[in-house]
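One letter stands for each residue in the lines below.
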Amino acid sequence: MMQVMKENSEWIKETIGRLTTEQKAGQLVILGMNGTVLTPDMTELIRDYHVGGIRISMKARHTTLATLHSYARPGDQHDDMTLKSVHHPAGLCKDLSFTNHPPVLTTGQYAEFLNCLRSYVEPSSGAIPVHFVIDQEGNGTDDLLGGARLFPYPLGLASTNDPELIYRAGLAVGRQAAACGINTVQAVLDVNTNINNPEIGPRSFGNNADDVIRCATQFFRGLKDGGVSAVGKHFAGRGESTADAHWGLPVMDVPLDELENTHIRPFGALAEAGLLPGIMVAHCIYPALGESKLPATLSPRILKDYIRGKMGYRGVLVTDNMMMGGIIKQYEMTDAIIMSLQAGIDMVLCRDESPVRQVILKRIAEAIRSGLLPETEVDEKLARILAMRCDMGLLNNNGLVDSENAEKIVHDPVILETAREAAEKSVQVLRDRAGVLPLAADAKVLLIEQAFVTQIAANNADSHPGLLWEELSRIGRHVACVEIADLPPEADIERVRRRLRSEDFDVIVTTNYFHYKVGGSINGLVDEFIATGKPVIVLANNPFPFCVGDSFDTVLLNYQPAGREYMRATAALIFGK
């Protein structure tokens, strides 16, 4: 559990004693900041609203419920409850017409950008340095780009059967993140017991608790040694669900012994090992824990009685993103945020970049003043939060980093070698029933290659659309390519069909990627390719049925389509090099 040195304990006590109500409210939230451009709204939140944590990402320019509802997924309904939480941009908030592609920065430039954000905190005025949070769990969930070396989904790391490599991968992620000024990596501890789980799947280290504990211990130890704190998610486990909490409120209706012995056990084991300073709680109902109505994020029975009481956990409890469907389809967001803090949450995560952020902070401050959030409980939350910030080293130089060092770290030969080894061990042949592999170098190949979300976001020399074509063409002499979107529109599909009708190829190679936030893979289109009678090689980014159909005779697995090392290893497997 979290240990607080005497001098830090005294600083924490003194700091809590001098904080204003508004400053206390700010420390209880983690707000979103997408993109790589300094905007007035974020400087205002840091300087004037005393926000404690910022969930950052280089991949998009902004995220608001208003935007998400303007561009809803096919079939999504604009339900009345969700609309109660929608705030349209106003004041200093971003109001952008184009949401997806921020300027691409190098790692050093991103470190300078985060330093600039930190400069709006003035420790001399009593303000507390902010901490920066990312996801970096491989595949499409990589928020640190800019030239950083990427690593596979946790399931891909687990498939290497190399605990020491898993540790080094965690160390590489941690070192790269810390060099940029990032303090926390949110990492998955779910046990994926349901092969049809659309949200967790390959984001988990495996389908049994022992494997998850074994792999996560190594990865989390690497993160810690690399200089970042880890927040484990999603308590009390999301691995058995068939629903996605991003779009609704799932129920994990499993017996108590199964929930504790499989899904909760990794959280206890990592906490006992001193590797879990924070736990992210899921927007999910757990009847076995005595809660049949409220999601865990709003349940005193789960947060106070079970996590604090039965488990004895003393670290920081954080919500999953409060703008997810698991909350906003049931509650108005700011009401749910107050409920979560009353129930026992320490820090609330909300990635919305609209004026709802100011509403949240004002409502928390009002709740403290009115006694709705008792100040003694708020101070207990702050003690845990500030202890975590001390462990992050934020009292040293306000958390500022050397941007030149960030560039050196991401080009460190040790990290480059770790990424290469992870690629060679995690890229694998799942099956080759037809005996198609390896291809001859002079085989006439038609490649159907999806432009993957992380390739588009990174858009640098080692991560961009067309990586597989480049790497196959290094070996093969006749590799033609049709590039399509990850979820191809009819125009893309017709381009592929036209190519198949007009030219003769020996073999078809096709990607088949799935990303839980974007949607389904292209199984139906792959079946069309198979119907041509040509041999078909499928490159999938996970081994589950929603990505690997029974009709696919030859399948390769690449758990990180956005890294050149992984595409190079894929090409080597296809051509037997």
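Here, every reference points to the structure presented above.
Summary of the structure given here. (Residues numbered from 1 in each chain as written. Predicted model: local features only at pLDDT ≥ 70, side-chain atom pairs only at ≥ 80, totals over all residues. Heavy atoms only, no water.)

## Comments concerning the overall build of the protein chain
Then, number 1: If you tally the helices and strands in the protein chain, you get 22 helices and 14 strands.
Then, number 2: A globule of 577 residues ought to have a C-alpha radius of gyration of about 25 Å, and the protein chain, at 24 Å, matches this closely.
Then, number 3: With the C-alpha coordinates aligned to their principal axes, the bounding extent of the protein chain is approximately 75 × 50 × 45 Å.
Then, number 4: Taken over 577 residues, the protein chain has a buried fraction of 62%.
Then, number 5: Sequence separation of 24 or more characterises 78% of the internal contacts of the protein chain that already satisfy a separation of 6 or more.
Then, number 6: In the form shown here, the protein chain has an accessible surface area of approximately 20,800 Å², with 51% of it arising from carbon and sulfur atoms.
Then, number 7: Taking the average place of the 55 positive charges on the side chains of the protein chain and the average place of its 71 negative ones, the gap between the two points comes to 1 Å. (Helix = DSSP H or I, 4+ residues; strand = E, 2+ residues; numbered from the N terminus. Rg over C-alpha atoms; globule rule 2.2 N^0.38 Å. Buried < 20%, exposed > 50% of the residue type's maximum accessible area, 1.4 Å probe, protein only. Contact = heavy atoms within 4.5 Å. Areas by Shrake-Rupley, 256 points an atom, 1.4 Å probe, with all protein chains shown as cover. Lys, Arg positive; Asp, Glu negative; His and termini not counted. Charge placed at Lys NZ, Arg CZ, Asp CG, Glu CD.)

## What to know about the environment of Ile-307
Then, number 1: Counting through the fold element by element, Ile-307 comes out in helix H11 (residues 300-310).
Then, number 2: Overall, Ile-307 belongs to the buried group, its relative accessible area being 0%.
Then, number 3: Spatially, the C-alpha atom of Ile-307 lies 9.4 Å from that of Ala-236, the residues being 71 residues apart in sequence.

## Here's the deal with the packing of aromatic side chains
Then, number 1: Tallying each qualifying case throughout the model produces seven aromatic pairs.
Then, number 2: Where Tyr-110 meets Phe-113, the ring centres are 5.7 Å apart and the plane angle is 20°; that geometry is what we call stacked. Taken together, the positions of Tyr-110 and Phe-113, both in helix H6 (residues 107-118) and three residues apart, correspond to about one turn of that helix. As far as the burial class goes, Tyr-110 and Phe-113 line up, both buried. (Phe/Tyr/Trp six-rings, centres within 6.5 Å; stacked < 30°, edge-to-face > 60°.)

## Description of the sheet that holds strand E4 (residues 184-188)
Then, number 1: The eight strands are arranged E7-E6-E5-E4-E3-E2-E1-E8 in an open sheet whose pairing can be described as parallel. Both edges of this open sheet fall to strand E7 (316-319) and strand E8 (348-350), since each of them pairs with a single strand only. Direction aside, the axes of adjacent strands within the sheet are offset by 30° on average.
Then, number 2: Where strand E1 (residues 29-34) and strand E2 (residues 53-57) come together, five bridges link them in parallel fashion. Directly across from Gly-32, in E2, lies its bridge partner Arg-55. (Pairing = 2+ DSSP bridges. Axes fitted to C-alpha atoms, helices over the stretch in contact; angles between N-to-C directions.)

## A closer look at the pattern of salt bridges
Then, number 1: Enumeration over the complete set of coordinates arrives at 42 salt bridges.
Then, number 2: A salt bridge links Arg-363 to Asp-335; the shortest N-O distance between them is 2.6 Å. Of this pair, Arg-363 sits in helix H14 (residues 356-370) while Asp-335 sits in helix H13 (residues 333-343), and the two are 28 residues apart along the sequence.
Then, number 3: Linking Asp-346 and Arg-384 is a salt bridge whose minimum nitrogen-to-oxygen distance equals 2.8 Å. (Salt bridge = Lys/Arg side-chain N within 4 Å of Asp/Glu carboxyl O.)

## Some thoughts on the packing of H13 against H14
Then, number 1: One can describe the packing of H13 onto H14 by two numbers: an axis separation of 10 Å at closest approach and a directional angle of 40°. By the angle between their axes, H13 is oblique relative to H14. Crossing handedness for the pair H13 and H14: right-handed. When H13 is examined against H14, the residues Met-333, Thr-334, Asp-335, Ile-337, Ile-338 and Leu-341 are found in contact with a partner set consisting of Val-356, Val-359, Ile-360, Arg-363, Ile-364 and Ala-367.
Then, number 2: A breakdown of the residues in the contact of H13 with H14 according to their chemical character gives nine nonpolar, one polar and two charged. (Parallel < 35°, antiparallel > 145°, perpendicular 65-115°, else oblique. Left-handed = near helix turned anticlockwise from the far one by under 90°. Nonpolar A, V, L, I, M, F, W, Y, C, P; charged D, E, K, R; others polar.)

## Side note on the side chain of Asp-143
Then, number 1: Summarising the element assignment, Asp-143 is placed in the loop between strand E3 (131-135) and helix H7 (154-159).
Then, number 2: A distance of 3.0 Å separates the side chain of Asp-143 from the side chain of Arg-55, its partner in a polar contact.
Then, number 3: A distance of 2.7 Å separates polar atoms of two side chains, one belonging to Asp-143 and the other to Ser-57.
Then, number 4: If near-sequence neighbours (up to four positions away) are discounted, Asp-143 is found in contact with Arg-55, Ile-56, Ser-57, Met-58, Lys-59, Ile-134, Asp-135 and Gln-136. (Polar contact = N/O pair within 3.5 Å; in protein donor to acceptor, adjacent residues only side chain to side chain.)

## Overview of the nonpolar core
Then, number 1: Phe-220, Tyr-286, Met-333 and Ile-364 are the most contacted members of the largest nonpolar core, which totals 137 residues.
Then, number 2: Among the nonpolar cores identified, the runner-up in size contains 28 residues, and Leu-155, Ile-448, Tyr-516 and Ala-540 belong to it. (Core = buried A, V, L, I, M, F, W, Y, C linked by side-chain atoms within 4.5 Å.)

## Here's the deal with the pairing of strand E14 (residues 554-557)
Then, number 1: On E14, burial covers both faces: Thr-554 and Leu-556 on one face and Val-555 and Leu-557 on the other are all buried.
Then, number 2: As judged from the four bridges shared by strand E9 (residues 428-432) and E14, these two strands associate in the antiparallel manner. When the sheet's bridge partners are listed, Gln-428 is paired in E14 with Leu-557.
Then, number 3: Here four bridges tie strand E13 (residues 536-540) to E14, and the two strands are oriented parallel to one another. By the bridge assignment for E14, Ala-540 is matched with Leu-557.

## Overview of the sheet that holds E14
Then, number 1: The six strands lie next to each other as E9-E14-E13-E12-E10-E11, forming an open sheet whose pairing is mixed. Among the strands making up the open sheet, the edge pair consists of E9 and strand E11 (478-485). Averaged over all pairs of adjacent strands, the angle between strand axes in this sheet comes to 20°, irrespective of strand direction.

These figures capture arrangement, not role.
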